[in-house]
Amino acid sequence: MLSARHLLHSVGGLTLAFLAASLVRPASAATAEVDAAYPKAYALYVDLHEHPELSGYETRTAAKLAGELRALGYAVTEHVGGTGVVAVLKNGPGKTVMLRTELDALPVEEKTGLQYASRVHVRDAAGREVSVGHMCGHDLHISALVATAGIMARSRGSWHGTLMLIGQPAEETIAGAKAMVSDGLFTRFPRPDVVLALHVGNELPAGKVGVLAGIYDSNADSVRITIHGKGGHGSAPHTAVDPIVIAARTVLALQTIVSREVKPGEFAVVTVGYINAGTKNNIIPDQAELGLTVRTYKADVRKQVLDAIVRIADAEGQAAGAPRTPTIERYETTDAVYNDPALTQRMRAALEGALEKENVMTEEPITASEDFSAFVEQGIPGFYLSLGGADPEKYEAAVAAGTQLPSNHSSLFAPDVDPAMRTAITAELAMLRDLLKAGGG
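Rules of the game
- Residues numbered from 1 in each chain as written.
- Predicted model: local features only at pLDDT ≥ 70, side-chain atom pairs only at ≥ 80, totals over all residues.
- Heavy atoms only, no water.
- Axes fitted to C-alpha atoms, helices over the stretch in contact; angles between N-to-C directions.
- Helix = DSSP H or I, 4+ residues; strand = E, 2+ residues; numbered from the N terminus.
- Left-handed = near helix turned anticlockwise from the far one by under 90°.
- Contact = heavy atoms within 4.5 Å.
- Nonpolar A, V, L, I, M, F, W, Y, C, P; charged D, E, K, R; others polar.
- Parallel < 35°, antiparallel > 145°, perpendicular 65-115°, else oblique.
- Buried < 20%, exposed > 50% of the residue type's maximum accessible area, 1.4 Å probe, protein only.
- Core = buried A, V, L, I, M, F, W, Y, C linked by side-chain atoms within 4.5 Å.
- Polar contact = N/O pair within 3.5 Å; in protein donor to acceptor, adjacent residues only side chain to side chain.
- Pairing = 2+ DSSP bridges.
- Salt bridge = Lys/Arg side-chain N within 4 Å of Asp/Glu carboxyl O.
- Phe/Tyr/Trp six-rings, centres within 6.5 Å; stacked < 30°, edge-to-face > 60°.
- Lys NZ or Arg CZ within 6 Å of the ring centre and 35° of its normal.

Caption draft 1: Region of the structure containing the packing of helix H7 (residues 243–261) against helix H8 (residues 299–319). Where H7 contacts H8, the two axes come as close as 9 Å, and the packing angle between them is 145°. Here H7 and H8 pass one another in a crossing that is right-handed. Note on element contacts: H8 touches H7 through Gln 304, Val 305, Ala 308, Ile 309, Arg 311, Ile 312, Ala 313, Glu 316 and Gly 317, opposite Ile 246, Arg 249, Thr 250, Ala 253, Leu 254, Thr 256, Ile 257 and Glu 261. Within the contact of H7 with H8, the residues separate by chemical class into 9 nonpolar, 4 polar and 4 charged.

Caption draft 2: Representation of the packing of helix H9 (residues 341–355) against helix H12 (residues 417–435) within the structure. At their nearest, the axes of H9 and H12 sit 9 Å apart, and the two run at 125° to each other. By the angle class used here, H9 and H12 are oblique. Handedness of the crossing formed by H9 with H12: right-handed. Every residue of H12 that contacts H9 at Leu 343, Arg 346, Met 347, Ala 350, Leu 351, Ala 354 and Leu 355 is listed here: Thr 423, Thr 426, Ala 427, Ala 430, Met 431, Asp 434 and Leu 435. Counted by class, the contact of H9 with H12 contains 10 nonpolar, 2 polar and 2 charged residues.

Caption draft 3: Highlighting unusual backbone geometry. Phi angles above zero are rare outside glycine, and His 79 is one such case at about 60°. Mapped onto the elements, His 79 comes out in strand S1 (residues 75–80). Looking at His 79, the relative accessible area reads 60%, which means it is exposed. Not every positive phi belongs to a glycine, and Ile 174 is a case in point at roughly 40°. Tracing the backbone through its elements, the reader meets Ile 174 in the loop between strand S6 (161–168) and helix H6 (176–182).

Caption draft 4: Seen up close, the nonpolar core. Residues Tyr 74 and Leu 196 are the most contacted members of the largest nonpolar core, which totals 65 residues. Leu 196 has contacts with Val 97, Met 98, Leu 99, Arg 100, Met 347, Phe 372, Phe 383, Met 431, Leu 432 and Leu 435, leaving out every residue within four places of it along the chain. Judged by nonpolar contacts, the second largest core, of 25 residues, contains Ala 268, Val 270, Leu 306 and Ile 309.

Caption draft 5: Here's a closer look at the side chain of His 228. In this fold, His 228 is placed in strand S10 (residues 219–228). Using a relative accessible area of 10% as the deciding quantity, one classes His 228 as buried. There is a polar contact of 2.8 Å between the side chain of His 228 and the side chain of Thr 327. Those residues in contact with His 228 that sit more than four places away from it in its chain are Asp 286, Gln 287, Ala 322, Pro 323, Arg 324, Thr 325, Pro 326 and Thr 327.

Caption draft 6: Layout of the sheet that holds strand S18 (residues 382–390). A sheet is described by the order of its strands in space; here 8 strands give the open sequence S1-S2-S6-S3-S7-S18-S8-S17, paired in mixed fashion. Here the strands that pair on one side only, and so sit at the sheet edges, are S1 and strand S17 (360–362). Within the sheet, the average angular offset between the axes of one strand and its neighbour, ignoring direction, is 25°. Note: strand S2 (residues 84–91) against S6, 7 bridges, orientation antiparallel.

Caption draft 7: A look at the pattern of salt bridges. This model, assessed by the stated rule, comprises 21 salt bridges. Measuring nitrogen to oxygen at the nearest pair gives 3.7 Å for the salt bridge that ties Asp 47 to Lys 64. Within this pair, whereas Asp 47 is found in helix H3 (residues 32–50), its partner Lys 64 is found in helix H4 (residues 59–71), the two being separated by 17 residues in sequence. Owing to a relative accessible area of 30%, Lys 64 belongs among the partly exposed residues under this scheme. Ionic pairing is found between Arg 100 and Asp 371, a salt bridge with its closest N-O pair at 3.8 Å. Of the two residues, Arg 100 sits in strand S3 (residues 96–102) while Asp 371 sits in the loop between S17 and helix H10 (373–376), which places them 271 residues apart along the sequence. Its relative accessible area of 3% is what places Arg 100 among the buried residues.

Caption draft 8: Quick look at the packing of aromatic side chains. Under the criterion given, the structure shown has 8 aromatic pairs. Through pairs of rings, three or more aromatic residues link up here, namely Phe 186, Tyr 216, Phe 372, Phe 375 and Tyr 384. The residue whose ring lies beneath Arg 224 is Tyr 331, and the NZ or CZ to ring-centre distance is 4.2 Å. When the ring centre of Tyr 38 is taken as origin, the NZ or CZ atom of Arg 422, which lies over that ring, is 4.1 Å away.

Caption draft 9: Local environment of the sheet that holds strand S12 (residues 268–277). With respect to topology, 4 strands assemble into an open sheet ordered S12-S14-S10-S15, the strand pairing being antiparallel. Strands with a single pairing partner mark the edges of an open sheet, and in this sheet they are S12 and strand S15 (327–334). Going from strand to strand, the sheet's axes swing by 20° on average, the running direction of each strand aside. One ladder, built from 9 bridges, connects S12 with strand S14 (residues 287–296); its direction is antiparallel. For Thr 271, the partnering residue across the bridge sits in S14 and is Thr 293. Across the face of the sheet, H7 comes into contact with S10, S12 and S14 while running at roughly 170° to S12.

Written out as structure tokens, the structure reads:
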């Protein structure tokens, strides 16, 4: 059988382009309401993709989302936890269900070659000029949520309860969810009975979703180590205490935490993402700075790894005769996302009904992190869904070749918007309607 894209190339034409899109997405996704909402959702996606904003500075994006939801009849509150948006639609008695999207983009230069690729350059909080791109799919999440919001608003006879939609800022710095909670997300607004979210990626082909009960992703801890040495002339190292050498030893020693201290089979990652030190080749600087990301699944392993980092950094400084112990700062932290098992089982059934069983995959925990956990930690059952974003043909070719497609945060990351966004809308509708179905449940 010819694939949809082969059929398109063989015959061509706009009509067949629509047919091809229908063939590569699950048949159940091609409902009249999703098809009707898709063109506007796609236009919003392109607009957001062309105008990305950094974490904490999502003013245009937030205003755009707020305006779309307000026009649909939602009660909208802006500036929650910074640039956060909360939209509430009450539709009689019943449960309150929250669906989240993220607002921010990344300081990454887009190299996808798309016609609507971002060309945005701004100065970040540190004053550095950076490129900005939606290289994590948040623009697709926003657009799908708005389409879902519209369909839910127009079909109030099919559900009862309260629908709460939020646009969360600063997910990429794992700060926005906590900020919204601290600003009264669950006290100023209806406290949800369930919280939902999804995320697109190239780990699955577009048209499929991934489901996992229990631990979904990892704890994340950013650690900054400042090593204090004694500066001097590069030609006379004996008169100095070289922090760059201490830093090099520290980087290597840190790698033994996972390989020699953490029990085999337990998950842990310690990555040194940057080293900042020095200004000239013949000057020994006074200090060197290391930036680490630490990922774990379990609380006891997390503590073990973080304690080991402090111990090793202190020991390397002492071994070199550093004038003072290193300064160690832990920042940008978040816990692992946990999918409530009972809720996950219920959502799997709803998704299989809407997308067909073969398009709902069982996943393993991922090593990335995200601050959706801040909502679950308020004692609310949560479910986080993986959304396939890879071009199906490219995905199959990559699997056959043993290679990987560009991941989230890559300058080349570009989800296959259709059928990925149609699948997102369909999945969101299925979950919300199941949880808010008329007659209880």
